[in-house]
Amino acid sequence: MKKLLMNCFLISSILQAQFNLKGTINNYSNKRVIIKLNKSFDDVLIGNLNTSNNGEISIPIREKYHGIIEVTLPDAKKALTFISDNTNINFNITLNSDNNLQFNNAGNPINTIYQDYQNYDLKKNIILPELESIFKTYTPNEDFYNQIKNEIQKISNLKEPDLAPYPLLQYYIKTSELIKTTENATNNNEVLIIQKQITEHFKNAGEEFETSGLGRSLLYNYLKSSASITNNQTEWENNLDKSIQSLLEEVGVDTSRGQDILSATINFLNSYGIIKLSNKYMKEAESLTCEISPDLKNTIEKNNNIKEGKIIPNIKFTHKLDGKYSSLYDIKTKYKLILVWATWCGHCKREIPYIKQFYDNFKKSGGEIIGLAIEYEKEPWEKMIQDIPWLNDSDFLYWDSNFSKELNISGTPTLFLVDKNNKILKISAKISDITNLIK
């Protein structure tokens, strides 16, 4: 009996949350909220829910987590950042009539300090320089002169909030500043400085890095800097290759962080269609003999599984398509063309008229098109598919869409032509590459 009671106690402990994220979003009732935990180069979706009639949300965080929590309000096109120190967060904000967010309660001490710092930073580094510039245009005999002077004095006397008790918050703010200062390079010397700063950060950052969500921006700035001193695509790709090699050598691909950088780099190269380099670093990843990090292992698997000649995953639909299809394999046709697209994608809008022209003959040849849309908002999608004759679905999770992850989507539009056995015959961004394959 004692053993049984002890097992029940252990199970209960496992099921209990480490902490809870709760909040009230005034003027945002019965609307969607998406919640994610950040990793170094990616994030983990943990919540896709609606607020209550009172604008309330609540979700348990079941793992110990010191890092950044993203809370997105798709219907308001707003995003919130919370710092998690593994303690309860219970915030209260108001969505004002001008669609701006006002914090009434930041949720817990660390987020209160974070809001205080943001307010301090806004006034000291943005508002104060503007006021000082405006002040120069007034003379002492004008009424507004003294008002501006007093405000300048008040802001100048502000004290920076004490961040010392919160090392995670210190790291997040300091690294966010590093991202801002490494965004642009105009000459070779600046490129070298930027790449050295970011490389040193990747090498020396503590464990806060792994849950900050800032790795993507740092890596993007590092790789983007290679393009600032080139004249053509070939030159950029050569510089990019050298920069990647240098970064991986410095950080070390035998380390977990180095492998995560390699994984994120392969995804970056895929998203920009730099396939030659992507293939090169995929081979490097596959040749590693040391223990592989989970992120890199996942990248290798997806890049190997989602290619021509492989079987496409059985995508589960959000709703039954045509009232009867729950998943991709339910559709039994000679050919299937999976179109991954988005209403906000300009390339998609240019390609869709050509796909419409293709559809009639494709349908007669025993084919069906399934459109999977990467969306946040339902309304523009519903409006656009009214004029689209094929099957359509979306889970409105944007790049967190299940099908986006399963199909390793890095850009839109992406077309997959598969046969009756669900084997991938062709992957392309253009319908013209598909047309001649239909018999």
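Above this text you will find the structure in question.
Now for a quick tour of the structure. (Residues numbered from 1 in each chain as written. Predicted model: local features only at pLDDT ≥ 70, side-chain atom pairs only at ≥ 80, totals over all residues. Heavy atoms only, no water.)

1. A closer look at the sheet that holds strand 4 (residues 56-61)
In any sheet, the strands associate via hydrogen bonds between backbone groups, in a parallel or an antiparallel arrangement.
Consideration 1: Ordered in space as 4-1-7-8, the four strands form an open sheet in which the pairing is mixed. Sheet topology places strand 4 and strand 8 (101-105) at the edges, where each strand pairs with a single neighbour. Between one strand axis and the next, the sheet turns by 25° as a mean value, whatever way the strands run.
Consideration 2: Here strand 1 (residues 19-26) runs beside strand 7 (residues 89-95); their pairing, made up of six bridges, is parallel. (Pairing = 2+ DSSP bridges. Helix = DSSP H or I, 4+ residues; strand = E, 2+ residues; numbered from the N terminus. Axes fitted to C-alpha atoms, helices over the stretch in contact; angles between N-to-C directions.)

2. Topic: the environment of Val191
Consideration 1: With respect to the element layout, Val191 can be found in helix 5 (residues 188-204).
Consideration 2: Owing to a relative accessible area of 5%, Val191 belongs among the buried residues under this scheme.
Consideration 3: A sequence separation of 176 residues divides Val191 from Gly367, and the C-alpha atoms of the two residues are 50 Å apart.
Consideration 4: Here Val191 is in contact with Ala185, Ser225, Ser228 and Ile229, once residues within four sequence places are set aside. (Buried < 20%, exposed > 50% of the residue type's maximum accessible area, 1.4 Å probe, protein only. Contact = heavy atoms within 4.5 Å.)

3. Details of the nonpolar core
Consideration 1: Among the nonpolar cores identified, the biggest contains 51 residues, and Leu169 and Phe202 are the most heavily contacted of them.
Consideration 2: Listing elements by their share of this core, those giving two or more residues are helix 2 (109-135), helix 4 (167-181), helix 5, helix 6 (215-225), helix 7 (233-251), helix 8 (256-271), helix 9 (275-286) and helix 10 (294-305).
Consideration 3: Considering each element in turn, this core owes the most residues, seven residues, to helix 4.
Consideration 4: Among the nonpolar cores identified, the runner-up in size contains 24 residues, and Cys345, Ile355, Phe362 and Ile438 belong to it. (Core = buried A, V, L, I, M, F, W, Y, C linked by side-chain atoms within 4.5 Å.)

4. Considering a nonpolar patch on the surface
Consideration 1: A cluster of nonpolar side chains, contributed by Leu122, Ile126 and Ile127, occupies part of the molecular surface with about 230 Å² of accessible area.
Consideration 2: With respect to the secondary-structure elements, Ile126 resides in helix 2.
Consideration 3: Note on Ile126: relative accessible area 48%, which makes it partly exposed. (Patch = residues over 30% accessible without salt bridge, like charges linked within 9 Å, V, L, I, M, F, W, Y side chains within 5 Å. Areas by Shrake-Rupley, 256 points an atom, 1.4 Å probe, with all protein chains shown as cover. Salt bridge = Lys/Arg side-chain N within 4 Å of Asp/Glu carboxyl O.)

5. Regarding the pattern of salt bridges
Opposite charge on two side chains permits them to pair, given that their charged atoms come into close proximity.
Consideration 1: One pass over the full model with this rule turns up 14 salt bridges.
Consideration 2: The residue Asp400 makes a salt bridge to Lys36 at a minimum N-O spacing of 2.9 Å. Residue Asp400 is found in the loop between strand 13 (391-393) and helix 13 (402-406), and its partner Lys36 is found in strand 2 (residues 32-38); the two are separated by 364 residues along the sequence. As far as burial versus exposure is concerned, Asp400 and Lys36 are alike and both buried.
Consideration 3: Each of Lys36, Asp43, Arg216, Asp400 and Lys405 takes part in salt bridges that share partners, so that together they form one network.

6. What about the pairing of strand 5 (residues 66-73)?
Consideration 1: Burial of strand 5 is extensive: six of the eight residues sit out of reach of the surface.
Consideration 2: Here strand 2 pairs with strand 5 via four bridges, running antiparallel. Across the sheet, the residue bridging to Ile35 is Val71, located in strand 5.
Consideration 3: Across eight bridges, the pairing between strand 5 and strand 6 (residues 78-85) is antiparallel. Bridged to Val71 within strand 6 is Leu80.
Consideration 4: Hairpin connection, strand 5 to strand 6: the antiparallel pair is bridged by four residues, and Lys77 has positive phi, about 55°.

7. Considerations on the sheet that holds strand 13
Consideration 1: Strands sit in the order 13-12-11-14-15 across an open sheet of five strands; the sheet is mixed. The open sheet has two edge strands, strand 13 and strand 15 (424-428), and neither has a second partner. Ignoring strand direction, the axes of neighbouring strands in this sheet form an average angle of 15°.
Consideration 2: Of the strands in this sheet, strand 11 (335-341), strand 12 (367-373) and strand 14 (414-419) touch helix 11 (residues 346-364), which is tilted by about 155° from strand 12.

8. Re helix 9
Consideration 1: For helix 9, with twelve residues, the first-to-last C-alpha span of 16 Å sits near the 16 Å given by 1.5 Å per residue.
Consideration 2: Inspection of helix 9 places Leu277, Ser278, Tyr281, Met282 and Ala285 among the buried residues, and these make up the whole buried set. Down the axis of helix 9, the buried side of the element spans an arc of 140°, and every buried residue falls inside it. Seen from the open side of helix 9, the exposed residues pointing more than 90 degrees away from its buried face are Lys276 and Lys283. (Expected span 1.5 Å × (residues − 1). Arc of directions from axis to C-beta.)

9. Concerning the packing of aromatic side chains
To describe a pair of aromatic rings, one takes the distance between the centres and the angle between the planes.
Consideration 1: Counted by the stated rule, this structure contains 19 aromatic pairs.
Consideration 2: When the ring of Phe82 is compared with that of Phe103, the centres are 6.1 Å apart and the planes differ by 65°; the resulting orientation is edge-to-face. On the criterion of sequence distance, the pair formed by Phe82 in strand 6 and Phe103 in strand 8 is long-range, its members being 21 residues apart.
Consideration 3: Aromatic rings pair up to connect Trp344, Tyr376, Tyr398 and Trp399 into one cluster. (Phe/Tyr/Trp six-rings, centres within 6.5 Å; stacked < 30°, edge-to-face > 60°.)

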